[in-house]
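Coordinates in review
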Amino acid sequence: MPITPFHFGPGALLTSVAPAHVSWTAFALSNALIDLEPIVLYFVTGDPAHPWLHTPPGALAVAAVAALLGRKPCEAFLRWWNSRLSPGQVPWLSAGPAITAGAAWTGALLGTSSHILLDGFMHGDVRPFWPLHEGNPIQGLVALDWLHGSCVFAGLLGVAILTLRRRQA
Ligand SMILES: [Zn+2]
């Protein structure tokens, strides 16, 4: 799933559980970074393969890059986002502009680990348990419609929970 918005749905749900401790922007950034792998390979070899980054060690490396190098750009994005909002939108759509290191790491790690699991259901060349397990034992376990549907559902549920939290704040 090269940077499809479907990956962001589970991110919204995970963030809604503990907004101060899980950065959705770090989650989204790590998902975008990990999919540079099939995109670059597509342009270089013609095959959008997932050989290295779509493994647990690769996912860890991408999460580290997103958490360590991506935190400041994510904060800059949030400041830009907040600056674009009208006064009426601020109570609902503004985001706290500071991302703690812990929230960046948690968001990025959840981002890449959920990413290789979700991609693992779809793509045979993803190795979601390497080096413990070569190959991909989960491909096809979840039907594509179910996979996409549950990502959308997770996103809607996450947004609903975040909205409820705002109302109570
Ligand atoms: Zn992917």
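Up top you'll find the structure we're talking about.
Residues numbered from 1 in each chain as written. Predicted model: local features only at pLDDT ≥ 70, side-chain atom pairs only at ≥ 80, totals over all residues. Heavy atoms only, no water.

**A closer look at the packing of aromatic side chains**
- Using the criterion set out here, one finds 3 aromatic pairs in the structure.
- Taking the centre distance of 5.4 Å and the plane angle of 70 degrees together, the rings of Tyr 42 and Phe 43 count as edge-to-face.
- By relative accessible area, which is 45% here, Tyr 42 ends up partly exposed.
- Where Phe 77 meets Trp 80, the ring centres are 5.9 Å apart and the plane angle is 35 degrees; that geometry is what we call tilted. A residue pair is termed a helical-turn pair when its members lie 3 or 4 positions apart in one helix, as Phe 77 and Trp 80 do in helix α5 (residues 71-83) at 3 residues.
- Taking the relative accessible area as the measure of exposure, Trp 80 reaches 46% and is therefore partly exposed. (Phe/Tyr/Trp six-rings, centres within 6.5 Å; stacked < 30°, edge-to-face > 60°. Buried < 20%, exposed > 50% of the residue type's maximum accessible area, 1.4 Å probe, protein only. Helix = DSSP H or I, 4+ residues; strand = E, 2+ residues; numbered from the N terminus.)

**Considerations on the nonpolar core**
- One finds Ala 26, Ala 63, Ala 66, Ala 67, Cys 74, Leu 78, Ile 99, Ala 103, Ala 104 and Ala 108 forming the largest nonpolar core, which totals 10 residues.
- By size, the runner-up hydrophobic cluster in this structure holds 5 residues, among which are Leu 118, Phe 121, Ile 138 and Cys 151. (Core = buried A, V, L, I, M, F, W, Y, C linked by side-chain atoms within 4.5 Å.)

**Observations regarding the pattern of salt bridges**
- One pass over the full model with this rule turns up 2 salt bridges.
- Between Glu 75 and Lys 72 there is a salt bridge whose closest N-O contact spans 3.4 Å. Remark: Lys 72 and Glu 75 occur in helix α5; sequence separation between them is 3 residues, near one turn of the helix.
- As a salt-bridge pair, Glu 134 and Arg 127 come within 3.1 Å of each other at their nearest N and O atoms.
- Residue Glu 134 is classed as exposed on the basis of its relative accessible area of 52%. (Salt bridge = Lys/Arg side-chain N within 4 Å of Asp/Glu carboxyl O.)

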